Amino acid sequence: MFSKNTTYLGSLKDVIFDEYTGEIKALCITNGLINDLINGRNIILVDGDTKFKSKFIVVNDDIRILKRASLNKLLR
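The rules behind these values
Residues numbered from 1 in each chain as written. Predicted model: local features only at pLDDT ≥ 70, side-chain atom pairs only at ≥ 80, totals over all residues. Heavy atoms only, no water. Helix = DSSP H or I, 4+ residues; strand = E, 2+ residues; numbered from the N terminus. Buried < 20%, exposed > 50% of the residue type's maximum accessible area, 1.4 Å probe, protein only. Contact = heavy atoms within 4.5 Å. Polar contact = N/O pair within 3.5 Å; in protein donor to acceptor, adjacent residues only side chain to side chain. Salt bridge = Lys/Arg side-chain N within 4 Å of Asp/Glu carboxyl O.

J.: Would you mind going over the environment of Ile29 with me for this structure?
T.: With respect to the helices, strands and loops of the structure, Ile29 is situated in strand S2 (residues 24-30). Relative accessible area serves as the criterion here: at 8%, Ile29 is assigned to the buried category. For the pair Ile29 and Ile43, spaced 14 residues apart in sequence, the C-alpha to C-alpha distance is 6.1 Å. With residues up to four places along the chain from it excluded, the contact list for Ile29 reads Leu9, Gly10, Ser11, Leu12, Arg41, Asn42 and Ile44.

J.: What should I look at first to understand the side chain of Thr30 in this one?
T.: Residue placement: Thr30 occurs in strand S2. For Thr30, a relative accessible area of 13% translates into the label buried. Side-chain polar atoms of Thr30 contact the side chain of Asp36, separated by 2.5 Å. Residues contacting Thr30, with those up to four places away along its chain left out, are Gly10, Ser11, Lys13, Asp36 and Arg41.

J.: Looking at this model, I keep getting lost on the pattern of salt bridges. Mind explaining?
T.: Oppositely charged side chains can pair when the atoms bearing their charge come close. For the structure shown, the criterion picks out two salt bridges. In this structure, the salt-bridge partner of Lys25 is Glu23, at a minimum N-O distance of 3.7 Å. We note a salt bridge from Asp36 to Arg41, for which the minimum N-O separation is 3.1 Å.

J.: Explain the environment of Gly48 to me, please; I cannot follow it from the model alone.
T.: Along the chain, Gly48 turns up in the loop between strand S3 (42-45) and strand S4 (51-52). Along the chain, Gly48 and Val59 lie 11 residues apart, while their C-alpha atoms are 9.6 Å from each other.

Next up, the structure:
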């Protein structure tokens, strides 16, 4: 089902849509409340290679991951 180099990035928390086209632009991924507070949530930009399956989302190795504000960043 998965290749040997598969990496779990977290659970889907939110989806960011283009308000005019309804197109999915990004996915907000969580690894739990504490990790979100310390490290921030990951935001994965969706591209043409992103595949939506019934129980998981498949992204390429070269995906672009953005970090939101975190407690760590706010305390600096």
